[in-house]
Amino acid sequence: MENNNKLLAEVNGKKIYRNDVIAFMQNIEGGARFQNEEGIKVLTDEMVNQEIILTDAYKNKLDTDDKFQNELKLVKDNMLKNYAMHKIFESVNPTEDDLRTYYDENKEVISPNKTYTASHILIDDLDKANEVYKEIENGLDFKEAAKKYSKDPSAASGGSLGTFPKGVMVKEFQDGLDSLKIGEISKPVKSQFGYHLIYLEDVKNEEAKAFDEVKDQVYQTYLMVKRQEKYLEKLNEISKDAEVKKYY
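All of these numbers come straight from a predicted model, not from anything done at the bench.

About the cut-offs
- Residues numbered from 1 in each chain as written.
- Predicted model: local features only at pLDDT ≥ 70, side-chain atom pairs only at ≥ 80, totals over all residues.
- Heavy atoms only, no water.
- Salt bridge = Lys/Arg side-chain N within 4 Å of Asp/Glu carboxyl O.
- Buried < 20%, exposed > 50% of the residue type's maximum accessible area, 1.4 Å probe, protein only.
- Pairing = 2+ DSSP bridges.
- Helix = DSSP H or I, 4+ residues; strand = E, 2+ residues; numbered from the N terminus.
- Patch = residues over 30% accessible without salt bridge, like charges linked within 9 Å, V, L, I, M, F, W, Y side chains within 5 Å.
- Areas by Shrake-Rupley, 256 points an atom, 1.4 Å probe, with all protein chains shown as cover.
- Axes fitted to C-alpha atoms, helices over the stretch in contact; angles between N-to-C directions.
- Contact = heavy atoms within 4.5 Å.

A.B. asks: Explain the pattern of salt bridges to me, using residue names and the numbers behind them.
C.D. replies: Oppositely charged side chains are able to pair whenever their charged atoms sit close together. Inspection of every chain in the model, using the stated rule, returns 18 salt bridges. Residue Glu 10 is joined to Lys 15 by a salt bridge in which the shortest nitrogen-to-oxygen separation is 3.8 Å. According to the relative accessible area criterion, Lys 15 is partly exposed, its value standing at 35%. Each member of the salt-bridge network shares a partner with another, and the members are Glu 96, Arg 100, Asp 212 and Lys 215.

A.B. asks: Lay out the pairing of strand E2 (residues 14-17) with the relevant residues and their values.
C.D. replies: As judged from the four bridges shared by strand E1 (residues 7-11) and E2, these two strands associate in the antiparallel manner. Bridge pairing links Glu 10 to Lys 15 in E2.

A.B. asks: Please give an account of the side chain of His 196 that cites residues and values.
C.D. replies: If you trace the backbone, His 196 turns up in strand E6 (residues 194-205). On the accessibility criterion, His 196 (4% relative accessible area) is buried.

A.B. asks: Now, about a nonpolar patch on the surface: what can you tell me, with residues and values included?
C.D. replies: A contiguous nonpolar patch, built from Leu 232, Leu 235 and Ile 238 and spanning about 230 Å² of accessible area, is present on the exposed surface. The residue Leu 232 is located in helix H9 (residues 215-238) in this model. Classification of Leu 232 as partly exposed rests on a relative accessible area of 47%.

A.B. asks: If you had to explain the sheet that holds strand E3 (residues 114-123) to someone new, which residues and values would you point to?
C.D. replies: A sheet is described by the order of its strands in space; here four strands give the open sequence E4-E3-E6-E5, paired in antiparallel fashion. Each edge of the sheet is formed by a strand with only one pairing partner; in this case those strands are strand E4 (160-165) and strand E5 (189-191). Sheet twist, expressed as the mean angle between neighbouring strand axes with direction ignored, is 40°. This element, helix H6 (residues 126-137), spans E3 and E6 of the sheet and lies at about 50° to E6.

See the structure below:
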């Protein structure tokens, strides 16, 4: 097995090891084709050439050019933003007990034992919603009504929301779903978004999966939710010191 700590070259005192060349290989497009001894030599030569270019760039003070400094600031700012986010997120390090508790409290969403297949039409005005309901009662196809009247993005697909677990919709919408039998259409249901006409297409009840079966999913969901909480907490803490003007 080749020693990856082997010194392959030196340029003006800068040492280039096999490890450096392998890292360089992994970060270039099509680098896999250099995974042989000849390829390693070719990449080592290229790294030597780039070090020579770098030395010359410093010699000619290219690092002080305004254009370079502006680019450098952009790179630095982006790296610092990513690092700041990392610092916010690093405290989210759940234990097994944290994950089990989160699973128990959110089991219906993480491992739904009840799913709905439904469509809806979203309308701002109650009177208009009642008019559309009557049109559907009188024979207008629900999907056509959604395409014609709904202000929700789902209008383009006939109002379809696909299949989703219990608990992901706002309470008013969920209550509306639970009041329906399969194949029924609700009268207007009010939520914070407007008035919904809900068409319940199907309901399925399944056995919830055990924690050990969905542990990876629980972990990923926990990270996403808790990191978002930390992010919003930090923003709430520091936003009062920011001068913000919005023009949209």
